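Observations on the three-dimensional arrangement
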2 protein chains.
Amino acid sequence: MKDFIIKGQVLDSAGPELLRCRENSYIVVTEGLCRGVFPLVPEQYAGLPVTDFGTGMILPGMSDLHLHAAQFGFRGLGMDMELLDWLERYTFPEEARFSDLRYAEQAYSGFVSLLRRSCTTRAAVFASVHREATLLLMEKLEASGLRCYVGKVNMDRNCPDYIREPDAQSALRDTEEWILQAQSFAHTKPILTPRFIPTCSDPLMRGLKELQRKYALPTQSHLSENYGEIAWVRELSPDAAHYGDAYARFGMFGGDHPCIMAHCVHSGEEELELIRRNGVFIAHSPESNMNLASGVAPVSRYLSLGLRVGLASDLAGGSSENMLRAMTHAIQASKLRWRLADQEVKPLSLEQAFWMATAGGGAFFGKVGRFEPGFALDAVVLDDSSLSTPRPLRLRDRLERAVYLADERHITAKFVDGVRLF
Amino acid sequence: MKDFIIKGQVLDSAGPELLRCRENSYIVVTEGLCRGVFPLVPEQYAGLPVTDFGTGMILPGMSDLHLHAAQFGFRGLGMDMELLDWLERYTFPEEARFSDLRYAEQAYSGFVSLLRRSCTTRAAVFASVHREATLLLMEKLEASGLRCYVGKVNMDRNCPDYIREPDAQSALRDTEEWILQAQSFAHTKPILTPRFIPTCSDPLMRGLKELQRKYALPTQSHLSENYGEIAWVRELSPDAAHYGDAYARFGMFGGDHPCIMAHCVHSGEEELELIRRNGVFIAHSPESNMNLASGVAPVSRYLSLGLRVGLASDLAGGSSENMLRAMTHAIQASKLRWRLADQEVKPLSLEQAFWMATAGGGAFFGKVGRFEPGFALDAVVLDDSSLSTPRPLRLRDRLERAVYLADERHITAKFVDGVRLF
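Anyway, here's the lowdown on the structure attached to this text. Residue positions are given per chain, counting from 1 as you read along its sequence in written order. All chains are assigned letters beginning with A, and all ligands numbers beginning with 1, in the order in which they are written. Residue-level local features of this predicted model are given only where pLDDT is at least 70; pairs of side-chain atoms are given and counted only at 80 or more, and the full residue set underlies all totals for whole chains, interfaces and linings. Here the side-chain values reflect all heavy atoms present in the structure, with hydrogen atoms and water set aside.

1. Some details on the interface of chain A and chain B
Size of an interface, as often reported, equals the accessible area lost when the parts are brought together. Whether two residues touch is decided by their heavy atoms; if any such pair falls within 4.5 Å, the residues are in contact. Listed by partner, the interface residues are 50 residues for chain A and 50 residues for chain B. Buried area: the accessible area, evaluated with a 1.4 Å probe, that two parts lose upon being put together, summed over both parts. Across the chain A to chain B interface the summed buried area is about 4,300 Å²; carbon plus sulfur atoms make up 56%. In terms of surface lost to chain B, no three residues of chain A exceed R339(A), P390(A) and R391(A), which account for 16% of the buried area on that side. Just to be clear on terms, a salt bridge is a Lys or Arg side-chain nitrogen sitting within 4 Å of an Asp or Glu carboxyl oxygen. Scanning the region where chain A abuts chain B turns up 8 salt bridges. A salt bridge links R391(B) to E94(A); the shortest N-O distance between them is 2.8 Å. We define a polar contact as two N or O atoms separated by no more than 3.5 Å, with the added condition that, inside protein, one atom must be a possible hydrogen donor and the other a possible acceptor, whereas residues neighbouring each other in sequence contribute only through side-chain atom pairs. Counting across the interface, chain A meets chain B through 26 residue pairs in polar contact (both at pLDDT 80 or more).

The following block contains the structure:
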């Protein structure tokens, strides 16, 4: 099952600015791992079954580094506010519904089926504060064949009663129970998820660090997304050198354990230096940052500093789970940032956006996001023949056009971790 | 054929900021014109056939005030340049292909079938300099049932030989011949189309004005899109008070005849005042203005000044013909403009974007874009049931979600000028 060959027009990133296009090539897979891309089948693999996708483009599966499954119910809605008001008005009331497992069942079914059909093969997902609903989501993701980290959200202050964990102690007890129950999944893994500094007390953060040590778990949270939010963190954590430091002083900012911070729109130099030093992954969420009028992260600068940057849909700050749209939005937002605010930071290229969506974010999940020997075989096959054109296109141009115009209709096959989903 | 009733969830604009939602309502149509929207069928219309679209949303057909049919071949491509380089590198070579009628046949077939399936019912379309290919496009648009203005492009300077009209005189002769030949179409009308000031000599502009007087034709062109372009116009027309004045001194800037100017991203106060006085329609093209890093027009200010603003896809500066995407892009770009550059101009609301796409642009075509008595019946029916959600949505929310997420798959019926296309 995990030993096979696929043939087609193979595209992946050889570096943050380097797109690699290999026409009519064979990707050899054994034990679920890529063994290389070849113009002809090497003799030693001659016996493996070959699936020929013809003119189809074979791309690495994409990694969505930040999205909220419990916000699926209002995707494409409530786009008229900035972050903090948006949380109070739309997000918390929606997430509160996940105390009802019937509602969770319906919402998470819709969410998982959307994600399964998309270009996304790996994702770092926020659920809600509810342990049982989070386990239900994990069950569905496990069954989907996708490879996800899922976080039961923690918040024990500064949010409405109806969604707040009563205190740090009970939050931590509940979280530990969730971690233990989540061990039953082979491919769907727990990730510690303090929502963000404003909703997490010091005792909660300290307790999460203990859980991290005890169970060796990664973390995910939000960072420097919105001016109001940043000012609030400064009030709440007056001793922290910067927003990132408000996590770091609890040891919850990468370093010893992997960490994703979503947004980093307004990170200062010190914060960026700590991100770099601790190997924190930045989840760039361009559509969400437009919809909530947060701003635009200077992403091409982050890439040139060698920071680890992946791309994210941030459903439902973003309306679409489609990572091709996230690429488009990243490029478009970077152009407006360049035009309107700062000509020192160059707009993103197609190559850079593609890198972030595949190799950049994939690195969080291990050897993922490129067709290199030893990498997990995550791939999507795009058939763009329905995007009619009166003239022949080079492979690179076909990719660019698909990034702007394709969606799940054009995905004809999908492989995750060496297994074909459809 | 043109007397009937359609029933469904009816949405239209009652004003630039006022969305009108009428549930389970009947739109009565006689002689192709809307006679009103009613909660029950009025007695006098009791005999008319009723088509019930159930929970489907019935929206006014949308007007795309600016797009380039001859750029269909590279939609979604070549997004790495600003306007003037982009014209030289991608646009002119592509438009040159339309000297070949076989190529035009293929490209325009694809373009028209795309437009026919979209939310667009009316459009102001640029073709290329080629008379015969332009007539071919008009023939196809006429057959499609859409209602379009189409322009044979004029340019007799500052562009490559292979695409330049040899001189003003022959350009004008060719244009007049095209105008006469275009009289054969009932619903597809010619519109004078000097590409933009840099490519149009003074004699050409003077001659176009004469043709305008002789045949009572509207005009369309480009205005204040890009800094480099604006500086170039200043060099070429040193006596003009502003870019708009470079058209106005030939009488080609609204006033006596209808006029569309695409972009107006960087229009100054004097130019805006002339736009207002002359009733020039602004074709706001947000995706194109992002892709070519042109900037963001302060659209909500234009609306509050009472200017006539419609929305445009600007294919292929924009990648998508989908006017729902143009609305999304308009809102998103306006938020980044607010965040990054100018907090004096408020971001666009859903209501404003919807107004521009329907009533705002529709006004260029007459009584179009609203379900008011006496208005042409242009409508699209959206079935959003495949956009799954775990909870019931109000009609306004269904519209917002569709604006972010729907595409031609969700259009189940389309009416143009009282005739059902599908």
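2. Overview of the packing of aromatic side chains
Between 30 and 60 degrees the pair is tilted, below 30 it is stacked and above 60 it is edge-to-face, where a pair is any two Phe, Tyr or Trp rings, Trp via its six-membered ring, whose centres lie within 6.5 Å. Taken as a whole, this structure holds 23 aromatic pairs over all chains when the rule is applied. Here F98(A) and Y103(A) contribute two aromatic rings whose centre-to-centre distance is 5.4 Å and whose plane-to-plane angle is 80°, an arrangement assigned as edge-to-face. The exposure class of F98(A) is buried, given its relative accessible area of 1%. By relative accessible area, Y103(A) is classed as buried at 9%. With 4.8 Å between their ring centres and 35° between their planes, F98(B) and Y108(B) make a pair best called tilted. Of this pair, F98(B) sits in the loop between α1 (83-96) and α2 (101-117) while Y108(B) sits in helix α2; the two residues are 10 residues apart in sequence, bridging distant segments of the chain. Residue burial is assigned from relative accessible area. The probe radius is 1.4 Å, only protein chains are included, and a residue is buried under 20% of its type maximum, exposed over 50%, and partly exposed in between. By definition, any uninterrupted DSSP run of H or I lasting at least four residues is a helix, any uninterrupted run of E lasting at least two residues is a strand, and each is numbered from the N terminus.

3. Concerning the pairing of strand β6 (residues 120-126) of chain A
Residue and element names in this part refer to chain A. When you tally the buried positions in β6, you get 7 out of 7 residues, the bulk of the element. Strand pairing is assigned whenever DSSP detects at least two bridges linking the two strands. Inspection of the sheet shows strand β5 (residues 62-68) paired to β6 by 5 bridges, in the parallel sense. Note that in β6 the partner of M62 across the bridge is T120. Here 5 bridges tie β6 to strand β7 (residues 147-151), and the two strands are oriented parallel to one another. In the strand pairing of β7, V125 is matched with V150. A clockwise path from the first strand over the helix to the second, with the strands pointing away from the viewer, defines a right-handed crossover. One crossover worth recording links β6 to the parallel β7 by way of helix α3 (residues 131-144), and it is right-handed.

None of this, on its own, says anything about what the molecule does.
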